[in-house]
Structures are given as structure tokens and as C-alpha cells.
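Summary of the model geometry
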Amino acid sequence: MQVNTAIVNKIIRFSSVDGPGNRTVVFLQGCNFNCRYCHNPETIGACRQCGACIPYCKTNAITLVDGKILYDRDRCVNCDECFHHCPHGSSPKTERMTPEEVFEEVKKNMPYIRGITISGGECTLWRDFLVELLTLAKNVGLSTMLDSNGTYDFSKDKELMAVVDAVMLDVKAFDRSEHEKVTGIHNDMVLSNLRYLAECDKLFEVRTVAVPELFDTKHTVYETSKLLHEVGKQEGIRYKLIKYRPIGVREEYRSYETPTEEYMNQLRDIAYNNGMRDIVII
């Protein structure tokens, strides 16, 4: 019998920005987007066990034994030199875990958390793992949320949606061609999910990173908030407008300017005029 596992990048014990209340956040490895402005590029690819990162680890927390990377969490000082020098956009600081093993880590934070949020990378790449882990969480009364890029067809997976309380959805760009420019993939499924999740009251938050030099951010905010208004859910959903910042971004994409406060306020006004009321700028 095959064991259900996922590659876990990290677990944040307590977070107040990944859904309502205090939450434990599990970051899964791997993403089907390649966003130019990605602030967590080390979560995109899978470790290829090549060992290219080893010479840059000053504490010998990373070793190569029998062709496999071994990571010693106790030795690590989180200098991040390993994935800064990874040629494959990955990190050796990962661990393959079962849903039960992850849940054991989650339980250590009870009763000080309201729920769990699964993020990435793109968490829906590990669909079976999600169902099992979220079921464990629901069974003890924890709320469950996903942070997703929206490329998985939620409308066709009743089993998964039965154990998901809500989704935080990224709208990278509204225009199809601009979305391909930003991520490498079109957004047909993203927008379909936006409507579906809103209509079934499982859309907690929409997120857009503002990079006006890369795509027409004002158009994206206008059309996204307009769509939510059309389905009559604009007042019950948070719209988080995020400033692009070069922190953590790959060197070749650090040339974009961080939007001004004035520009971000213009985005807020656009969303507000389309009926959005819970608007957060970060």
C-alpha cells in the first residue's frame, strides 16, 4: 500500500495573516506557476539531489549521502545560502511527511490556534494529502483554509471541498495574456474558481500583488472587484492588495519599482467603487 505523503517546505506555528484568527500554516513544496515577482522562489521546484548547495552551507547542515540530500535542522542557522545558489529554484530544507506527521506538529499548537492554512508553492498539487490532513483537522474542531493560485478545479472535487472551510485565492492578473506573461500559464481556471468559490461562500480572500511595470494592475483590480460585484459577494470577501517588494525575489526580477502609497490608494478606491468593503493594503 502506497503511503500518502507530501514534501513540506516549512511549518509556521502561529500566523495572524493567513486567514482568520491565530493559525498554523503548512507550506508544501512545488508550484505550477513561475511568477516573475515570486517572493518565495525556493518553493517552486523540487530538490534534484544534485548537491550544488552543499559548498555554500557554512554549518554543514546539508550533506549528500548515497545520492540523497540530508538536512540537519538543528545545525541550520537559516542563512538561506543553500537555495540562493540552487540552480533548480528549490530548497534542500524540506521534509517528506505523512498527513499524520504534519498533524502531530499542528496539535502541539492547540489550543492556541483557531485553525490551519495550507499554502505553498501550490498546495493543490498534493490533493490527496490535503484531503487526509484537513479531515484530521476538522475532526478536532479546527477551521481549514487553502492558499491557492486557483489552477485546480474546485468545482469538480466535492470530497476536497467538504473539508475546506474557505480559500484564499491569488489573482495574479485578470487579462489572459498578461497572466501568461506574469506566471507562464493562462488564468481561465483561476477566474472560474473566483466565481465558483464566491458563489458557494468559500472565498475568504482575494490577493493581487501590484507590479504596475509588469502588468496593468489597475485593470486587474477593477475587473476582479467587478466580477465579485456581479455575483453579489463583494462585501463579504476581503481584497488584499500587496505591494511588490524586491525582498526574496530572484535577482533578474528585482528591477521593478515598489508602488507608492498614492498608487496603492488608487487601487483601493477602484475596488471600493466596485462595492468591495474589506480592503487591506500591505
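Up top you'll find the structure we're talking about.
Residues numbered from 1 in each chain as written. Predicted model: local features only at pLDDT ≥ 70, side-chain atom pairs only at ≥ 80, totals over all residues. Heavy atoms only, no water.

This part takes up the packing of aromatic side chains. Evaluated as defined, the whole model comprises two aromatic pairs. Ring geometry for Y152 against F154: centres 5.8 Å apart, planes inclined by 70 degrees, an arrangement best described as edge-to-face. On the basis of relative accessibility, which here comes to 0%, the residue F154 falls in the buried class. Aromatic side chains Y244 and Y256 sit 5.7 Å apart centroid to centroid with 85 degrees between the ring planes, which places their arrangement in the edge-to-face category. One end of the pair, Y244, is in the loop between β10 (238–243) and α8 (261–273); the other, Y256, is in the loop between β10 and α8, and twelve residues separate them in sequence. According to the relative accessible area criterion, Y244 is buried, its value standing at 0%. We classify Y256 as buried; its relative accessible area is 14%. Here the guanidinium or amino end of K10 rests over the ring plane of F27, the centre of that ring lying 5.0 Å away. Over the ring of Y272 we find R277, and its NZ or CZ is 3.8 Å from the ring centre. (Phe/Tyr/Trp six-rings, centres within 6.5 Å; stacked < 30°, edge-to-face > 60°. Buried < 20%, exposed > 50% of the residue type's maximum accessible area, 1.4 Å probe, protein only. Helix = DSSP H or I, 4+ residues; strand = E, 2+ residues; numbered from the N terminus. Lys NZ or Arg CZ within 6 Å of the ring centre and 35° of its normal.)

Here we come to the pattern of salt bridges. Per the counting criterion, the structure on display carries 24 salt bridges. A salt bridge links D128 to R127; the shortest N-O distance between them is 2.9 Å. The class of D128 is partly exposed, set by a relative accessible area of 49%. E205 serves as the salt-bridge partner of R238, at 3.8 Å between the closest nitrogen and oxygen. Of the two residues, R238 is situated in strand β10 and E205 in strand β9 (residues 203–210); the sequence distance between them amounts to 33 residues. Given the relative accessible area of 1%, E205 is considered buried. Overlapping salt bridges, with partners in common, bring together D18, D147, E205, R207, R238, K240 and D278 in one network. (Salt bridge = Lys/Arg side-chain N within 4 Å of Asp/Glu carboxyl O.)

In this structure, L28, I116, I118, L146 and L203 are the most contacted members of the largest nonpolar core, which totals 51 residues. Element by element, the count of residues in this core is highest for helix α3 (residues 127–139), at six residues. For L203, the residues in contact, after removing those within four places along its chain, are V167, L169, L194, L197, A198, L228 and I237. With eleven residues, the next largest nonpolar core counts V209, V211, L214 and Y256 among its residues. (Core = buried A, V, L, I, M, F, W, Y, C linked by side-chain atoms within 4.5 Å. Contact = heavy atoms within 4.5 Å.)

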